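Each chain, written out:
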Amino acid sequence: MNKIAGLLIVISSLMTAQRQVSLSDCEEAFQKNNLQLLAEQYNINMADADILQAKIWELPQLSGQVNAYNPDDRKVFDIGHAKGAQITQLIYMGGKKKNEIAFAKSSKELAQLQFSQLLVDLRVQLRTTYYNLYYEKLKLENTNRQLGYMNDLLAAYKVQSAKGNVSLKDEVRLQSVVIQLNNDKIGINKNILDFEQNLKVLTGITDDLEPKLSDSEAKDILAAQPFGDETELQKKALENNADYQYNLKLIDNSKLYAQWQKSLNVPDLNLGAGWDQNGGTFKNEVNLMIGIPLPLWKSNKGNVEKAGFAIQQNQKNADFQKLSLETRVQAAYKTWKTQYEQLSGIKSEDINNLEMVYNGMLSNFRKGNVSLIEFVDFMDSYRETALQIYDMKNGIMQSAEQLNQLVQTKIFY
């Protein structure tokens, strides 16, 4: 029975165990499994289909005629003496097909840029979620460590308070620290659940995920510097940002559309051949057939004007996107720089000193060298400082990813 119980415990622990994943593991799973990315890919496939469709000409039309009633012989359907046939083909004039194909190819380039931008956005979302989860896990570990000691201390004070050896006021002071730590833990656990859920959706991995990021790797990421100042980053963003390139390409796309619409004003030619057994000047007559609309007015004038306005509109939108991108890069760079400088002001020895003082306070409080009020004040200050340091580190990684999202080329070295 004990063996069975032990086996059940092992199985239960394996089922609840979290799957450790590196950032590269998550990115690989994201590329294979992300449903948004897979769905967006079909827009490119549909654009290919539009190009194929644009290359297809109208089908030739075959028509025929037979005698319905012969008044001379008073014969119905005198097919033997009177019948004919015609075949016609629509010939596009004015470069309509060429312009339509060029517009379709340009639309595919737009679809590819949209896919590229979605890929960037989702990858940044993946990386920021991964870093968020990593630091929330560290905050939880730190909070649990404090809670473990404070719960033991509170339990001991409750025993002594019941015996009258310590005041109820001291017990309440400790209780308030424990309540605050538990409140922190609740918030951290809620954040962890949210980030884990987002990571599962992004990667398609249904297991609970545990970030596999070493301290040295985290330090390397935090120490990375962008190549160039904000002016250089703005230039790189204008060259590489898929969203901005999309707006530029949209201008070319609208020009091709306008050219296509103009060509639709050119009349098309209907070319064909006909055979008539008895109805023409000659028996078994073969005729060449040509038909063309009379260009008395421009039948597509409204669409041409509309396409012209679309060019102007897309030009204004591109100008706006350029200004917006430059200002966002500038703001993101300043945000990263400010956060980096703030964290750089905290030396590693300062953090080591904080931990050393924390351990010293615990030891001295146990020995009775530190009063309860001093101890509680320090613990409250330590709790806030520890959480703030994790948030500062996470903030640098988040702002760096925001810069990456805007510039969309390697800038951190």
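Asker: Can you explain the nonpolar core? Please cite residues and give values.
Answerer: Tyr130 and Leu403 are the most contacted members of the largest nonpolar core, which has 51 residues in total. Going through the elements one at a time, helix 2 (23-33), helix 3 (35-54), helix 4 (96-163), helix 5 (168-203), helix 6 (215-223), helix 7 (230-240), helix 9 (301-344) and helix 11 (372-407) are the ones with two or more residues in this core. The biggest single contributor to this core is helix 4, with 12 residues. Once residues within four sequence positions are removed from consideration, Tyr130 is found in contact with Val21, Ser22, Leu23, Cys26, Leu199, Pro211, Lys212 and Leu213. In this structure, Tyr149, Val177, Leu362 and Met379 belong to the second largest nonpolar core, which totals 22 residues.

Asker: Could you give an account of the pairing of strand 2 (residues 61-66), with specific residues and numbers?
Answerer: Of all 6 residues in strand 2, 0 are buried; the element is thus mostly exposed. With 6 bridges joining them, strand 2 and strand 5 (residues 83-91) adopt antiparallel strand pairing. Bridge pairing in strand 5 places Gln61 opposite Thr88.

Asker: Could you give an account of the environment of Gln225, with specific residues and numbers?
Answerer: Locating Gln225 in the fold gives a position in the loop between helix 6 and helix 7. Residues Gln225 and Trp336, 111 residues apart in the sequence, show an inter-C-alpha distance of 9.9 Å. Those residues within four positions of Gln225 in sequence are excluded, and the remaining contacts are Trp336, Tyr340, Ile411, Phe412 and Tyr413. A polar atom in the side chain of Gln225 sits 2.7 Å from the side chain of Tyr340.

Reading the values: the criteria
Residues numbered from 1 in each chain as written. Predicted model: local features only at pLDDT ≥ 70, side-chain atom pairs only at ≥ 80, totals over all residues. Heavy atoms only, no water. Core = buried A, V, L, I, M, F, W, Y, C linked by side-chain atoms within 4.5 Å. Buried < 20%, exposed > 50% of the residue type's maximum accessible area, 1.4 Å probe, protein only. Helix = DSSP H or I, 4+ residues; strand = E, 2+ residues; numbered from the N terminus. Contact = heavy atoms within 4.5 Å. Pairing = 2+ DSSP bridges. Polar contact = N/O pair within 3.5 Å; in protein donor to acceptor, adjacent residues only side chain to side chain.

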